[in-house]
Amino acid sequence: MEEKPPSFIYKISRIISDFFNPLVSLVIFFIYMSIKNYAVQDSLLYFVPVLLMILLPIIIWLVWNVKTGRYTNMDVSDRRQRKSLYFFIAGCVIFYLLFNYFKNGYVDFVMLFIFILLLTLQISNYFIKSSMHTAFNIFVAALFFALDTAMGIVWLGIAVLVGITRVILKRHTPKEVFMGAGIAFVVSFLYLYCNIQFQH
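Here the structure is a predicted model, which is why all the values come from computation and not from measurement. (Residues numbered from 1 in each chain as written. Predicted model: local features only at pLDDT ≥ 70, side-chain atom pairs only at ≥ 80, totals over all residues. Heavy atoms only, no water.)

> It is not clear to me how the packing of helix α6 (residues 132–147) against helix α7 (residues 149–168) should be interpreted in this structure. Could you clarify?
The packing of two helices is summarised by the inter-axis angle and the distance between the axes. The interhelical angle for the contact between α6 and α7, taken along N-to-C directions, is 175°, at an axis separation of 7 Å. It follows from the interaxial angle that α6 and α7 lie roughly antiparallel. Each of His133, Thr134, Asn137, Ile138, Val140, Ala141, Phe144, Phe145 and Leu147 in α6 lies in contact with α7, whose residues at this interface are Thr149, Met151, Gly152, Ile153, Trp155, Leu156, Ile158, Ala159, Val162, Gly163 and Arg166. Across the contact of α6 with α7, the residue classes break down as 13 nonpolar, six polar and one charged. (Axes fitted to C-alpha atoms, helices over the stretch in contact; angles between N-to-C directions. Helix = DSSP H or I, 4+ residues; strand = E, 2+ residues; numbered from the N terminus. Parallel < 35°, antiparallel > 145°, perpendicular 65-115°, else oblique. Contact = heavy atoms within 4.5 Å. Nonpolar A, V, L, I, M, F, W, Y, C, P; charged D, E, K, R; others polar.)

Have a look at this one:
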């Protein structure tokens, strides 16, 4: 019996879900923030360490683990496999936070809250496989919101869309998507609150 080809909605969901994965969403935000807040040289000085210490190592880690069969897919859909991913990402973020602190003398606020989000998702993962795609896109919406209200609202719409695609693709149950969203809303609220406090 021939397998039914994927539906149009499934194909579109796959494109949306793959494109707006946590890494791509964060890269888009960092590029936007760099252009908005810094001159070209300062922008590179900010973005290159993030790229070399966090983004590239995570991409290499994911590709290597998928190729060697340790991870089933790039989404790391298996809850047990996610544990090592969370620890690796947390290690990269901590390394960057320390590097930035000793080099520039301040704590990178955005990265600190990314670490808090990761830690919360890691704890949640022991009980339920919270949707990282949904959580990170909601948090990215908060990051955008702090810079540009309209972009924040647009990205929140994207986050909702991503959450729906995760259910359509059967990568998460609605409960797992809502769990990821709930965690992200709490962390995002704390980020925005602290951001307002530090600006005054």
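> Looking at this model, I keep getting lost on the packing of aromatic side chains. Mind explaining?
Any aromatic ring pair is given by two values, namely how distant the centres are and how the planes are angled relative to each other. Counted by the stated rule, this structure contains 14 aromatic pairs. Ring geometry for Phe19 versus Phe20: centroids 4.9 Å apart, planes at 90°, classification edge-to-face. Judged by relative accessible area, which is 44%, Phe19 ranks as partly exposed. Ring centres of Phe20 and Trp155 lie 5.5 Å apart, and the angle between their planes is 85°; on these two criteria the pair is classed as edge-to-face. Highlighted residues: Phe20 in the loop between α1 (8–19) and α2 (22–37) and Trp155 in helix α7, separated in sequence by 135 residues. On the basis of relative accessibility, which here comes to 17%, the residue Phe20 falls in the buried class. Judged by its relative accessible area of 5%, Trp155 is buried. Put simply, the rings of Phe19, Phe20, Phe29, Phe30, Tyr32, Tyr46, Phe144 and Trp155 pair up and form one aromatic cluster. (Phe/Tyr/Trp six-rings, centres within 6.5 Å; stacked < 30°, edge-to-face > 60°. Buried < 20%, exposed > 50% of the residue type's maximum accessible area, 1.4 Å probe, protein only.)

> What am I meant to see in the pattern of salt bridges here?
Oppositely charged side chains can pair when the atoms bearing their charge come close. Throughout the structure, instances matching the rule amount to four salt bridges. The residue Asp75 makes a salt bridge to Arg166 at a minimum N-O spacing of 3.2 Å. In this pair, Asp75 sits in the loop between α3 (40–67) and α4 (79–104) while Arg166 sits in helix α7, placing the two residues 91 residues apart along the sequence. With a relative accessible area of 12%, Asp75 lands in the buried category. A salt bridge links Arg80 to Asp78; the nearest nitrogen and oxygen atoms lie 3.0 Å apart. Salt bridges here are not isolated pairs; linked through shared partners, they connect Asp75, Arg166 and Arg171. (Salt bridge = Lys/Arg side-chain N within 4 Å of Asp/Glu carboxyl O.)

> Explanation requested: the packing of α3 against α4 in the structure shown.
One way to put it is that α3 packs onto α4 with a least axis distance of 10 Å and a crossing angle of 165°. Comparing their axes, α4 and α3 come out roughly antiparallel. Our pair here, α3 against α4, has a crossing hand that is right-handed. For the pair formed by α3 and α4, the contact residues are Tyr46, Pro49, Val50, Met53, Ile54, Pro57, Ile58, Trp61 and Leu62 on the first element and Ser84, Leu85, Phe88, Ile89, Cys92, Val93, Phe95, Tyr96 and Phe99 on the second. Of the residues contributing to the contact of α3 with α4, the split by class is 17 nonpolar, one polar and no charged. (Left-handed = near helix turned anticlockwise from the far one by under 90°.)

> Quick question: what am I supposed to make of the side chain of Ser131 here?
Structurally, Ser131 is set in the loop between α5 (109–125) and α6. The class for Ser131 is buried, based on a relative accessible area of 0%. Within the local environment of Ser131, its side chain forms a polar contact with the side chain of Thr134, the two groups lying 2.7 Å apart. With sequence-adjacent residues up to four places away left out, Ser131 is seen in contact with Arg166, His172, Glu176, Val177 and Gly180. (Polar contact = N/O pair within 3.5 Å; in protein donor to acceptor, adjacent residues only side chain to side chain.)

> Explain the layout of surface pockets to me, please; I cannot follow it from the model alone.
The method is simple in principle: a probe with the dimensions of a water molecule rolls over the atoms, and the space it marks as empty is what remains. When its volume is computed, the largest pocket comes out at roughly 480 Å³. What lines the largest pocket is a set of 26 residues, and nearest its centre among them are Asn21, Pro22, Leu23, Leu62 and Met74. Of all the elements in the fold, those that place two or more residues in the lining of the largest pocket are α1, α2, α3, α4, α5 and α6. Counting residues per element, the lining of the largest pocket draws most heavily on α3, which supplies five residues. Residues belonging to the lining of the largest pocket are distributed by class as follows: 18 nonpolar, three polar and five charged. Met33, Asn37, Tyr38, Val110 and Tyr191 are the residues nearest the centre of the second largest pocket, which is lined by 16 residues in total. Of all elements in the fold, only α2, α5, α6 and α8 (174–199) reach the threshold of two or more residues within the lining of the second largest pocket. Its residues assigned to classes, the lining of the second largest pocket shows 12 nonpolar, three polar and one charged. (1 Å grid on protein atoms, 1.4 Å probe; cavity = no way out; pocket = protein on both sides within 12 Å on 5 of 7 lines; lining within 4 Å. Points joined across faces, edges and corners; volume = space filled by probe spheres on them.)

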